[in-house]
Amino acid sequence: MSREITRVGIVGLGTMGAGIAEVFARSGYDVVGLDANEAALDRGRGHVEGSTGRAVTRGKLTEDERAEIMGRIRFTTDYADLADRDLVVEAVPESLELKREIFEQLDKVVRPDAILASNTSSLSVTEIAVATARPAQVVGMHFFNPAPVLKFVEIVRTVVSSPEVVENVQAVAERLGKMPVVVGDKAGFIANALLFGYLNHAASMFETKYATREDIDAAMKLGCGLPMGPLALLDLIGLDTAYEILDTMYKQGRDRLHAPAPVLKQMVTAGMRGRKSGRGFYTYEAPNSPVVVDDALTPPPVDGADVHLRPVSLVGVVGSGTMATGIVEVFAKAGFDVRYVARSEDKVTRVRNALERSLDKAVARGKLDAADRDAALARVSGTTHLDDMADRDLVVEAVVEDLAVKTVLFEALDEICKTGAIIATTTSSLAVVDLAAATKYPADVVGLHFFNPAPVMRLVEVVSTVATADDVIATAVDVCRRLGKHPVTCSDRAGFIVNALLFPYLNDAVKMLEANYASADDIDTAMKTGCGYPMGPFELLDVVGLDVSLAIQRTLYLEFREPGFAPAPRLEHLVTAGYVGRKAGRGFRGHDS
Ligand code: NAD
């Protein structure tokens with residue numbers, strides 16, 4: 001049975017409520033927006049005016065359409081104005097007490113057959129529902145921020161929600177042009193349960209000064225293609241809201257990964273609530289402004305460094321795989337003289353051919369001049385003798401990810417390389433210091449973690465060990481910039497920045513699947529359409545390889561001894577059964593090739 005829903009009410013016109021009111025008004029609904037007082041109403045109206053105004057400036061809405069949308073929203077502080085609503089969506093701050101009070105009040109004024117929905121991100125919808133005399137007509141309707149942009153909506157069904165009500169609300173979400181997924185009443189639902197562990201982890205990386213806020217954010221944007229870095233996203237969400245969500249999730253699941261990083265509470269106490277208050281991890285031009293301004297944490301300009309850099313013009317690359325070939329290309333294109341070492345003549349030729357193919361492709365796509373291709377190729381030579389690395393200023397090792405193999409290589413390079421040469425490893429999961437310790441000059445060893453495919457991905461993690469010399473780090477950073485890459489610096493810890501933040505999230509997604517809370521498709525949809533991720537976690541696991549993911553997750557678990565990092569049993573079982581992802585034709589999904 002489907003009922004006609006045309007008149008909606010929104011309670012609380014803050015970050016979310018104002019956006020939700022706009023979404024309904026845009027789809028032709030008659031909207032009443034309620035907030036606690038006139039000042040809050042003005043702010044709410046200002047939000048909608050600002051947002052629709054920007055849409056007009058961008059040519060996405062005409063002035064007339066904007067006026068129509070604004071005309072569909074009435075603003076009030078009087079609950080009696082909600083009496084005739086078919087559906088009321090509540091979006092007041094994340095406090096169970098407050099939400100229960102509001103639902104009690106709504107229950108008294110709105111028609112007995114009307115539906116009440118909460119936009120809560122983490123509180124129990126069941127507990128909110130039982131504050132009313134109509135718990136069967138109460139559901140969660142969890143929009144994502146910014147509501148007018150993100151298509152995902154989680155419809156939360158409690159054990160008492162009536163199936164018709166769930167269906168009706170789902171149909172409403174579809175009419176709004178959203179992609180609803182029905183989920184059970186569990187803190188964080190799908191998207192936040194996966195997102196907030198990651199955001200919290202990023203906040204503690206910042207708190208422990210593992211990396212700068214700019215580097216943490218750049219690493220996740222450039223390394224994973226995310227639309228925003230985690231700290232910028234926390235600022236957008238609001239640190240008070242984020243704290244409450246984590247706190248509720250922690251209390252419900254007792255997962256330490258959800259215990260809010262202490263820095264969050266401190267910032268909220270100090271009034272640094274993110275964008276809405278003009279200060280959070282970053283400082284903004286004004287409250288609610290997206291424009292970041294310089295503050296005490298802003299890094300100094302690049303050329304201000306007074307460290308003496310080591311000269312680097314002759315570069316060596318050891319290895320013949322995809323990564324080594326990509327790195328040869330990157331250096332050659334940037335004007336370096338590159339000599340690579342492979343273990344056989346056959347492999348030397350293979351690298352050369354792969355390099356030529358890749359450069360030819362770049363020329364065909366108009367990304368490279370034929371003359372530049374020829375010049376780049378002329379700068380590259382291949383050899384089978386490691387001794388040929390003797391004159392190199394920098395040697396980048398990109399051989400198989402095996403500690404024993406790499407250690408033997410570092411011992412040999414230590415003998416061969418000239419004094420002052422920098423030796424870099426591209427390892428993604430081994431400790432750089434283990435390799436440094438295999439040499440007599442550990443100060444000259446650094447990690448240069450490129451991402452695949454190296455010619456395309458701009459991010460490089462520059463990893464220093466406790467022994468790496470400052471001028472070596474500075475030189476490595478400078479070389480990355482000369483390559484046109486975006487270097488971020490961090491110290492030698494499992495997973496560096498990107499993998500340490502990414503893989504526990506993927507592992508959590510597997511655990512969610514294991515718990516039968518949601519399907520792989522729904523989880524992928526949640527992260528793509530709710531958080532703007534380029535791929536869902538299961539798509540990504542299949543691409544990266546379940547075996548690789550499991551190895552990285554194990555390394556993280558062994559290094560941090562964090563119970564929440566323990567690899568999901570389902571991941572282990574799939575790897576054991578040979579379901580390692582796209583390369584095997586089967587992983588979380590079947591693949592044709
Ligand atoms: P917010 O602080 O920006 O806005 C809350 C609004 O509620 C304010 O306008 C405030 O004046 C109003 N309000 C407070 N008490 C009220 C009362 N008694 N009656 C009527 N209005 C009252 O908060 P927000 O970020 O919009 O969060 C609102 C809800 O949406 C929370 O449950 C939150 O968990 C959820 N949510 C937030 C996000 C996000 O990214 N911020 C995303 C999805 C869901």
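All figures in this text were calculated on a predicted structure; none of them were measured in a lab.

Criteria and cut-off values
- Residues numbered from 1 in each chain as written.
- Predicted model: local features only at pLDDT ≥ 70, side-chain atom pairs only at ≥ 80, totals over all residues.
- Heavy atoms only, no water.
- Helix = DSSP H or I, 4+ residues; strand = E, 2+ residues; numbered from the N terminus.
- Polar contact = N/O pair within 3.5 Å; in protein donor to acceptor, adjacent residues only side chain to side chain.
- Phe/Tyr/Trp six-rings, centres within 6.5 Å; stacked < 30°, edge-to-face > 60°.
- Buried < 20%, exposed > 50% of the residue type's maximum accessible area, 1.4 Å probe, protein only.
- Lys NZ or Arg CZ within 6 Å of the ring centre and 35° of its normal.
- Domains from an automatic or database assignment.
- Buried area = accessible area lost by both parts, 1.4 Å probe.
- Salt bridge = Lys/Arg side-chain N within 4 Å of Asp/Glu carboxyl O.
- Nonpolar A, V, L, I, M, F, W, Y, C, P; charged D, E, K, R; others polar.
- Pairing = 2+ DSSP bridges.
- Axes fitted to C-alpha atoms, helices over the stretch in contact; angles between N-to-C directions.
- Contact = heavy atoms within 4.5 Å.
- Near = heavy atom within 4 Å.
- 1 Å grid on protein atoms, 1.4 Å probe; cavity = no way out; pocket = protein on both sides within 12 Å on 5 of 7 lines; lining within 4 Å.
- Points joined across faces, edges and corners; volume = space filled by probe spheres on them.

*Asks:* Run through the side chain of Asn200, naming residues and quoting values.
*Replies:* Structurally, the position occupied by Asn200 is in helix 7 (residues 191-207). At 2.8 Å, the side chain of Asn200 and the backbone nitrogen of Ala261 are in polar contact.

*Asks:* Hey, could you go over the packing of aromatic side chains for me, with residue numbers and the actual values?
*Replies:* In total, this model carries eight aromatic pairs according to the counting rule given. An angle of 85 degrees between the planes, with centres 5.2 Å apart, marks the rings of Phe24 and Tyr29 as edge-to-face. Exposure class is identical for Phe24 and Tyr29. Each is buried. Plain terms: the ring middles of Phe144 and Phe152 are 5.3 Å apart, the flat faces sit at 45 degrees to each other, and that makes the pair tilted. Through successive ring pairs, a cluster of aromatic residues spans Phe24, Tyr29 and Phe143. The ring of Tyr210 has Arg493 lying over it, and the distance from NZ or CZ to the ring centre is 3.9 Å.

*Asks:* A description of the domain arrangement of the protein should follow, citing residues and the corresponding values.
*Replies:* One can read the domain layout of the protein as domain 1 (7-184), domain 2 (191-293), domain 3 (314-491) and domain 4 (498-584). Look at where the C-alpha atoms of domain 1 and domain 4 centre, and you get two points 33 Å apart. Between domain 1 and domain 4, a total of about 660 Å² is buried, with carbon and sulfur atoms accounting for 70% of that surface. For the interface between domain 1 and domain 4, the tally reads zero salt bridges. Applying the counting criterion to the domain 1 and domain 4 interface returns three residue pairs in polar contact (both at pLDDT 80 or more). Counting residues per element, the side of domain 1 that touches domain 4 draws most heavily on strand 8 (residues 179-184), at four residues. Of the residues in the side of domain 1 that touches domain 4, the class split is six nonpolar, one polar and one charged.

*Asks:* Give a description of the sheet that holds strand 6 (residues 138-143) that names residues and reports values.
*Replies:* Reading across from one edge, 3-2-1-4-5-6-7-8 is the order of the eight strands in this open sheet, with mixed pairing throughout. Because the sheet does not close on itself, it has two edges, and the strands there are strand 3 (73-76) and strand 8. When the angles between neighbouring strand axes are averaged without regard to direction, this sheet yields 25 degrees. Note: strand 4 (residues 87-90) against strand 5 (residues 115-118), four bridges, orientation parallel. In the strand pairing of strand 5, Glu90 is matched with Ser118. Strands strand 7 (152-157) and strand 8 of the sheet are contacted by helix 19 (residues 520-531), whose axis makes an angle of about 130 degrees with strand 7.

*Asks:* Before we move on, can you summarise the site of the ligand with the specific residues and values?
*Replies:* Within the structure, the ligand sits among 26 residues, and Met16, Asp35, Glu94, Lys99 and Ser121 are positioned closest to it. At a separation of 2.4 Å, an oxygen atom of the ligand approaches a polar side-chain atom of Glu94. Take Asn119: an N or O atom from its side chain is 2.8 Å from an oxygen atom of the ligand. Of all the secondary structure elements, the ones that give two or more residues to the shell around the ligand are helix 1 (15-26), helix 4 (96-109) and strand 6. Sorting elements by how many residues they give to the shell around the ligand places helix 4 first, with three residues.

*Asks:* Lay out the layout of surface pockets in plain terms, naming residues and giving numbers.
*Replies:* If you add up the space inside the second largest pocket, you get close to 1,200 Å³. Forming the boundary of the second largest pocket are 41 residues, of which Ser428, His449, Asn452, Val544 and Val548 lie nearest the centre. Taken together, the elements giving at least two residues each to the lining of the second largest pocket come down to helix 8 (213-224), helix 12 (322-333), strand 16 (445-450), helix 18 (498-514), helix 20 (537-544) and helix 21 (546-560). A class-by-class count of the residues in the lining of the second largest pocket yields 28 nonpolar, eleven polar and two charged.

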